[in-house]
Every structure is written in structure tokens, then in C-alpha cells.
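Reading the structure
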Amino acid sequence: LIYCYRKPKTKRAKRFLEKREPKLKENTKNAMLIKGGNANLTVTEVLKDIYAVKKPFAVLYKKKNITRPFEDQTSLEFFSKKSDCSLFLFGSHNKKRPNNLIIGRMFDYHVLDMIELGIEKFVSLKDVKNSKCPEGTKPMLIFAGDMFDVNEEYRRLKSLLIDFFRGPSVPSIRLAGLEYVLHFTAVDGKIYMRSYKVLLKKSGCKIPRIELEEMGPSLDLVMRRTHLASDDLYKLSLKQPKALKPKKKKNISHDVFGTTYGRIHMQKQDLGKLQTRKMKGLKKRPAEKSAEDGGVSPKKSKSA
């Protein structure tokens, strides 16, 4: 695919291109949810529910797209460029790989890594008759299971899921805003995804009593194929600009206990010119002043 970059002719087009330019602090990552050419009802419902969880930082393609991401990635890169999305979730279904999901991310509009997951059990949002969280709620992510720390594929899947569901960066957090939990458990070769709504109950003290109420969607997944980036490319994608790195302060050191020591460089002081406290007893006498001036009396002779 060849993209032609032309100079914008209107102010609206200029603002549109400025939003897509590289920034020191990037915008919240958007995700595109694409339905394959042979997607069944289960895969379609999964894409709709994850779109409802991910909104407003998601784009749902309702038409079917005949593509195979593991064989040809050009269509994914085209949609990523078109919709300005760096994350994607592709759903498909066939006899060899039924109820199939492919989750991945892009780097410089090229596929960085992607992991194929099979859906074994699914409970949708509408099947759970409890109250839901409002749109755009930032979830709390919990990962349970040693596989997320031991196995490289599961470790990369954990990084992918954090990227996909983390939401916008916030400067501060309020207690009432912690109302949505996404829990991922890896055990016996399966990944269990559960979502809960946090209920703050009265406890008789300042800290409320917390209860979890299942909200949906709920997924039982199994890992299939993987396409992981090389270590060099993965490190390149994590590289930060120099302007964001904290500047090292000179002449400051720390000991093993965390105490900060600072070294100050000062000019040599003349202690003779040091300002002292003004007291009558410290005033110089006329004889001392004349000795300092070279024996010349400070008094002027009277003219005849």
C-alpha cells in the first residue's frame, strides 16, 4: 500500500493531521474490533461486548472483512492507518479454529505482536441481569497465576491485555471511581476473564466494606497461535524520547539508607569582611581606624 502525503488545504485538515503527529505524551490508545468473513453469532457478541467495555476508545467495524492476520497483515495495517488505532481485536470462526479471537498491537502502523485465543465459554453483558458501570469507566486490572510471570507467551499476553484495557492515564484517583474490576486467571492452560462491579457498603468506620458483583462479559479462553516481535524490535517499541527521561542532578548522592547528600561549590570567603552583629562594644576606636588607614588621622585640620 502506498500513502500519498499532501499538504493540507483547509484548517480542519491541518488540525486533523496535527492530532496524528507524534507527541511527547501520546494520546490514549484506540482499538479497532474487526469481524472476519466467517464470524458466527458468538464471535459477533464477544466483539460487541468488548466494544461496550472499551468505549469511547474503540472503533467497531460491523461489516465482514475477509482477511487472515497470520498470513497477510496488509489489511490490518490499512485499517490501523485509516482509523488511527494501535490495538486490534479480530474475530473469526471456522472448522479448524472455532470461535477464534486474535488480539494484537501495532508499532509504526505495522503489526508488532499478536496472540490467537479460542473461546470455550462465553457469558455476555445482557445475560447478567445486574447493574452496569457507566461508559468510559477505567477498570482495575488483576492478574492471577504463575504463568503470567514464568512463561514468555503468557507474559506478552499480560502486556497486551494491559495495553488493551488500561484506558486513559489519570493524575489522581477517587475512591468512588474504583468501581470496575477485570480479573484474568491463568491456570491449567486456560485463561479465565471475569468482570465485576465494585460495591461500597457501609462498614461502621471510615473505610467501606467492599463487595464484588459479577457484571459480564465472562470468557474462558485457550491460547492457540502466537506471533511475537523480536527482542530488538520490542525494545525499540518501548524506547522513550529523551525529553521524557528524568534529568540527572549533579553533585547529589544517596547512601544505602536512602539519605540524600548534596555537594555545594562556593567561592573562598574573606572572613575579615564578614558582617557581624552591630554592637557599641565592637565599634572601632579612632586610634584603631587611623592605624588601619596608615597612620593618617581621619580628622581634617582647621583652616586659619
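Bear in mind that the values here come from a model prediction, so they are computed numbers and not experimental data. (Residues numbered from 1 in each chain as written. Predicted model: local features only at pLDDT ≥ 70, side-chain atom pairs only at ≥ 80, totals over all residues. Heavy atoms only, no water.)

**Focus: the nonpolar core**
Selection rule: Residue types Ala, Val, Leu, Ile, Met, Phe, Trp, Tyr and Cys, when buried and joined through side-chain atoms within 4.5 Å, form a set referred to as a nonpolar core. Each residue gets one of three labels from its accessible area relative to the maximum for its type: buried under 20%, exposed over 50%, partly exposed in between, using a 1.4 Å probe on protein chains only. A run of H or I in DSSP counts as a helix once it spans at least four residues, and a run of E counts as a strand once it spans at least two, with each numbered from the N terminus. A contact between two residues is defined here by any heavy atoms of the two lying within 4.5 Å.
Core analysis: the biggest nonpolar cluster contains 35 residues, and Ile103 and Phe165 have the highest contact counts within it. Counting residues per element, this core draws most heavily on helix H5 (residues 152-165), which supplies six residues. Setting aside chain neighbours within four positions, we find Phe165 in contact with Ile50, Val53, Lys54, Pro139, Leu141, Leu182, Phe184 and Met193. By size, the runner-up hydrophobic cluster in this structure holds twelve residues, among which are Met32, Ile34, Tyr61 and Phe90.

**Observations concerning unusual backbone geometry**
Going from Lys55 to Pro56, the amide bond is cis rather than trans, its omega being 5°. Looking at where Pro56 falls in the secondary structure, it is placed in the loop between helix H2 (41-54) and strand S2 (58-65). Despite not being glycine, Asp108 has its phi angle at roughly 60°, a positive value. The topology assignment puts Asp108 in the loop between strand S4 (100-107) and strand S5 (110-123). Unusually for a residue other than glycine, Asp188 sits at a positive phi of about 55°.

**Looking at the pattern of salt bridges**
Inclusion rule: We define a salt bridge as a contact between a side-chain nitrogen of Lys or Arg and a carboxyl oxygen of Asp or Glu at a distance within 4 Å.
Enumeration over the complete set of coordinates arrives at 15 salt bridges. Asp149 serves as the salt-bridge partner of Lys158, at 3.9 Å between the closest nitrogen and oxygen. The exposure class assigned to Lys158 is partly exposed, which follows from its relative accessible area of 24%. Residue classification places Asp149 among the exposed positions, given a relative accessible area of 51%. The salt bridge partner of Glu211 is Arg209, with a shortest N-O separation of 2.4 Å. On the accessibility criterion, Glu211 (31% relative accessible area) is partly exposed. By relative accessible area, Arg209 is classed as partly exposed at 40%.

**Focus on the packing of aromatic side chains**
Using the following cut-off: What counts as a ring pair is set by centres within 6.5 Å for rings of Phe, Tyr and Trp (its six-membered ring), and what kind of pair is set by the plane angle: stacked under 30 degrees, edge-to-face over 60, tilted for all other angles. Consider the ring centre and the ring normal. A charge sits over the ring if Lys NZ or Arg CZ is within 6 Å of that centre and within 35 degrees of that normal.
According to the stated counting rule, one finds seven aromatic pairs in the structure shown. Seen in terms of ring centroids, Tyr61 and Phe79 are 5.0 Å apart; in terms of plane orientation they differ by 45°. Their pairing is tilted. Residue Tyr61 is located in strand S2, and its partner Phe79 is located in helix H3 (residues 74-83); the two are separated by 18 residues in the primary sequence. The class of Phe79 is buried, set by a relative accessible area of 14%. Between the aromatic rings of Phe164 and Phe165, the centroid separation amounts to 5.0 Å while the plane-to-plane angle is 65°, which identifies the pairing as edge-to-face. An identical accessibility class is assigned to Phe164 and Phe165; each is buried. By the ring-pair criterion, three or more aromatic residues cluster together here, those being Phe143, Phe148, Tyr154, Phe164, Phe165 and Phe184. The ring of Phe164 has Lys54 sitting right over it, with the charged end atom 5.5 Å from the ring centre. The aromatic ring of Tyr234 is capped on one face by Arg156, whose charged end is 4.0 Å from the ring centroid.

**Focus: the UniProt feature "domain: Brix" (unreviewed entry) in the chain**
Rule in force here: UniProt positions are given in the numbering used here, feature names are shortened, and annotations may be inferred rather than shown by experiment.
The UniProt entry lists residues 29-232 under the feature "domain: Brix" (unreviewed entry), expressed in the numbering used here. As annotated, residues 29-232 comprises 22% helix and 41% strand, and the C-alpha atoms at either end are separated by 22 Å.

**Here we look at the environment of Tyr61**
We count it as follows: Polar contacts, as counted here, are pairs of nitrogen or oxygen atoms within 3.5 Å of one another; within protein the pair requires one atom able to donate a hydrogen and one able to accept it, and residues that are adjacent in sequence qualify only if both atoms are side-chain atoms.
Overall, Tyr61 belongs to the buried group, its relative accessible area being 18%. Taking the C-alpha atoms as reference, Tyr61 lies 7.4 Å from Met32; in sequence the two are 29 residues apart. Here Tyr61 is in contact with Met32, Leu33, Ile34, Lys35, Phe79 and Ser83, once residues within four sequence places are set aside. At 3.5 Å, the side chain of Tyr61 forms a polar contact with the side chain of Ser83.

**Thoughts on a nonpolar patch on the surface**
For clarity, the cut-off: Within the patch definition used here, like charges are joined within 9 Å and nonpolar side chains (Val, Leu, Ile, Met, Phe, Trp, Tyr) within 5 Å, considering only residues with over 30% relative accessible area and no salt bridge. The Shrake-Rupley method, run with a 1.4 Å probe sphere, supplies the accessible areas, and residue values consider only the shown protein chains as cover.
Together, Leu175, Leu200, Ile210 and Leu212 line one region of the surface with nonpolar side chains, adding up to about 390 Å² of accessible area. Of the residues examined, Ile210 reaches a relative accessible area of 57% and is grouped as exposed.

**Comments concerning H2**
Residue pairs spaced three or four apart in an α-helix point in one direction, given the helix's 3.6 residues per turn. For clarity, the threshold we go by: Multiplying 1.5 Å by the residue count of a helix minus one yields the expected span of that helix.
Its 14 residues place the ends of H2 20 Å apart at the C-alpha level, agreeing with the 20 Å of an ideal helix rising 1.5 Å per residue. The set of residues buried in H2 consists of Val43, Thr44, Glu45, Val46, Leu47, Asp49, Ile50, Val53 and Lys54.

**Observations concerning H5**
Over its 14 residues, H5 extends 20 Å from the first C-alpha to the last, a length consistent with the 20 Å expected when each residue adds 1.5 Å. Within the sequence span of H5, burial applies to Tyr154, Arg156, Leu157, Leu160, Leu161, Asp163, Phe164 and Phe165. Its side-chain oxygen 2.8 Å from the backbone nitrogen of Glu153, Asn151 forms the N-cap of H5. Just beyond H5, the residue with positive phi is Gly167, at close to 80°.

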